[in-house]
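Chain and residue survey
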Amino acid sequence: MKVSEKWDKVYNNIRNVCERTNRKTQEVNVVAVTKYVTNERAQEGVDVGLVHLGENRYEGLIEKQKNIIGEAKWHFIGTLQSRKVKDVIDHIDYLHSLDRLSLAKEINKRAQKKVNCFVQVNVSDEEQKHGLSPQKVFNFIEQVSNYDKINVVGLMTMAPNTSDEVVLRQCFRDLAHLRNEIHKHGFLHAPCTELSMGMSNDYEIAIEEGATFVRIGSALVGE
Ligand SMILES: *Cc1c(COP(=O)(O)O)cnc(C)c1O
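Just so it is clear, the structure is predicted and the values come from calculations on it, not from any experiment. (Residues numbered from 1 in each chain as written. Predicted model: local features only at pLDDT ≥ 70, side-chain atom pairs only at ≥ 80, totals over all residues. Heavy atoms only, no water.)

What follows is about the overall build of the protein chain. The number of helices and strands found in the protein chain is 8 helices and 8 strands. Against the globule reference of 17 Å for 223 residues, the protein chain gives a C-alpha radius of gyration of 17 Å, in line with a compact fold. Considering only C-alpha atoms, the protein chain reaches an extent of 45 × 40 × 30 Å along its principal axes. Across the 223 residues in the protein chain, those meeting the buried criterion constitute 51%. A fraction of 54% describes how many contacts in the protein chain between residues 6 or more apart in sequence connect residues 24 or more apart. Taken as a whole, the protein chain presents about 11000 Å² of accessible surface, with 45% of it coming from carbon and sulfur. Computed over 30 positive and 31 negative side-chain charges, the separation of the two mean positions in the protein chain equals 4 Å. (Helix = DSSP H or I, 4+ residues; strand = E, 2+ residues; numbered from the N terminus. Rg over C-alpha atoms; globule rule 2.2 N^0.38 Å. Buried < 20%, exposed > 50% of the residue type's maximum accessible area, 1.4 Å probe, protein only. Contact = heavy atoms within 4.5 Å. Areas by Shrake-Rupley, 256 points an atom, 1.4 Å probe, with all protein chains shown as cover. Lys, Arg positive; Asp, Glu negative; His and termini not counted. Charge placed at Lys NZ, Arg CZ, Asp CG, Glu CD.)

See below:
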């Protein structure tokens, strides 16, 4: 299926969710996750008007950036190894995976300008997953204020790999609560207004629970 047809479907779903939850579609930014697809497929996405593109590896990011024609904002959505920071950090508009102080420190040392970061949270505290456990997030964000290149725009999570709607919804709801708490605190370096949550299989639930960035790969640009 062409990307344009997939986008029609996804957009339609997003519009429906927004209608029934009284949200505006413009509040939901769609990040087209292009990590598994060719430059041509990613280009199709840009050509239908998708501006946010997500990659999870340095090589993929650079390859896409060399080849894509048109306006794009670049999102790094994968684990970022500290030794890759210097290569990646000035090439992206958003980092979705800030999850440790050593990474914040390295970003601060290498970045030429402020970096929009999501703090990645392991909401369900699964052992094999990246991200901070929810209880550690507040303290982490306080500590990050020492690094003036870091702007915490919001929180990000990957929901558990399940089709159980109750579990997914609870995960998204917990992240939204945590975001609200941090936002209320009024940190200058952490406006924390955004929520990056929801992928191909669960983006509708995530939007119902307040997602402002959904990261969609297979349902949008997958072959
Ligand atoms: C791959 C990936 C996605 C997109 O996954 P799909 O299920 O293909 O939509 C979203 N977020 C992260 C962090 C990813 O690694």
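Below, the discussion takes up the site of the ligand. Looking at the ligand, the residues that line it are Val33, Lys35, Ile77, Met156, Met158, Met199, Ser200, Arg215, Ile216, Gly217 and Ser218. Between an oxygen atom of the ligand and a main-chain N or O atom of glycine 217, the distance comes to 2.8 Å. For the ligand, an oxygen atom lies 2.9 Å from a polar atom in the backbone of serine 218. Against a free-state accessible area of 390 Å², the protein chains account for coverage of 88% of the ligand. Taken together, the residues of the shell around the ligand break down into 6 nonpolar, 3 polar and 2 charged. (Near = heavy atom within 4 Å. Polar contact = N/O pair within 3.5 Å; in protein donor to acceptor, adjacent residues only side chain to side chain. Nonpolar A, V, L, I, M, F, W, Y, C, P; charged D, E, K, R; others polar.)

A few words now on the pattern of salt bridges. Following the criterion strictly, the structure yields 12 salt bridges and no others. Note that arginine 41 and glutamate 44 form a salt bridge whose closest N and O atoms lie 3.6 Å from each other. Highlighted residues: arginine 41 and glutamate 44, both in helix α2 (residues 39–47), separated by 3 residues, approximately one helical turn. The exposure class assigned to arginine 41 is buried, which follows from its relative accessible area of 9%. Residue classification places glutamate 44 among the partly exposed residues on the basis of a relative accessible area of 28%. Among the salt bridges present, the one from arginine 110 reaches glutamate 106, with a minimum N-O distance of 2.8 Å. Here arginine 110 pairs with glutamate 106, and both are found in helix α5 (residues 101–110), just 4 residues apart, close to one helical turn. Taking relative accessible area as the criterion, arginine 110 reaches 32% and is therefore assigned partly exposed. By sharing partners, the salt bridges in this structure join Arg20, Glu165, Arg169, Arg173, Glu208 and Glu209 into a single network. (Salt bridge = Lys/Arg side-chain N within 4 Å of Asp/Glu carboxyl O.)

Look at helix α6 (residues 134–144) against helix α7 (residues 165–185): their axes get within 11 Å of each other, and the N-to-C directions meet at 20°. The pairing of α6 with α7 is recorded here as roughly parallel in orientation. Handedness of the crossing formed by α6 with α7: right-handed. Across the interface between the two elements, Pro134, Val137, Phe138 and Ile141 from α6 touch Leu178, Ile182 and His185 from α7. Considering only residue class, the contact of α6 with α7 consists of 6 nonpolar, 1 polar and no charged. (Axes fitted to C-alpha atoms, helices over the stretch in contact; angles between N-to-C directions. Parallel < 35°, antiparallel > 145°, perpendicular 65-115°, else oblique. Left-handed = near helix turned anticlockwise from the far one by under 90°.)

Using the criterion set out here, one finds 0 disulfides in the structure. Sulfur of cysteine 18: no disulfide; nearest cysteine sulfur belongs to cysteine 171 and is 19 Å away. Here cysteine 171 stays free of any disulfide, with the sulfur of cysteine 192 as its closest cysteine sulfur at 15 Å. A residue is classified by how much of its surface remains accessible, and cysteine 171, at 5% relative accessible area, is buried. (Disulfide = S-S within 2.5 Å.)

For the rest of this paragraph, the subject is the packing of aromatic side chains. Enumeration according to the criterion identifies 5 aromatic pairs in this entry. Consider the rings of tryptophan 7 and tyrosine 11, whose centres lie 5.4 Å apart with planes at 55°: the pair is tilted. Taken together, the residues span about one helical turn, with tryptophan 7 and tyrosine 11 both in helix α1 (residues 3–21) at a distance of 4 residues. Tyrosine 11 gets classed as partly exposed once you look at its relative accessible area, which sits at 32%. Seen in terms of ring centroids, tyrosine 94 and phenylalanine 213 are 5.4 Å apart; in terms of plane orientation they differ by 55°. Their pairing is tilted. Here tyrosine 94, found in strand β4 (residues 94–98), pairs with phenylalanine 213, found in strand β8 (residues 213–216); they are 119 residues apart in sequence, far enough to count as distant. (Phe/Tyr/Trp six-rings, centres within 6.5 Å; stacked < 30°, edge-to-face > 60°.)

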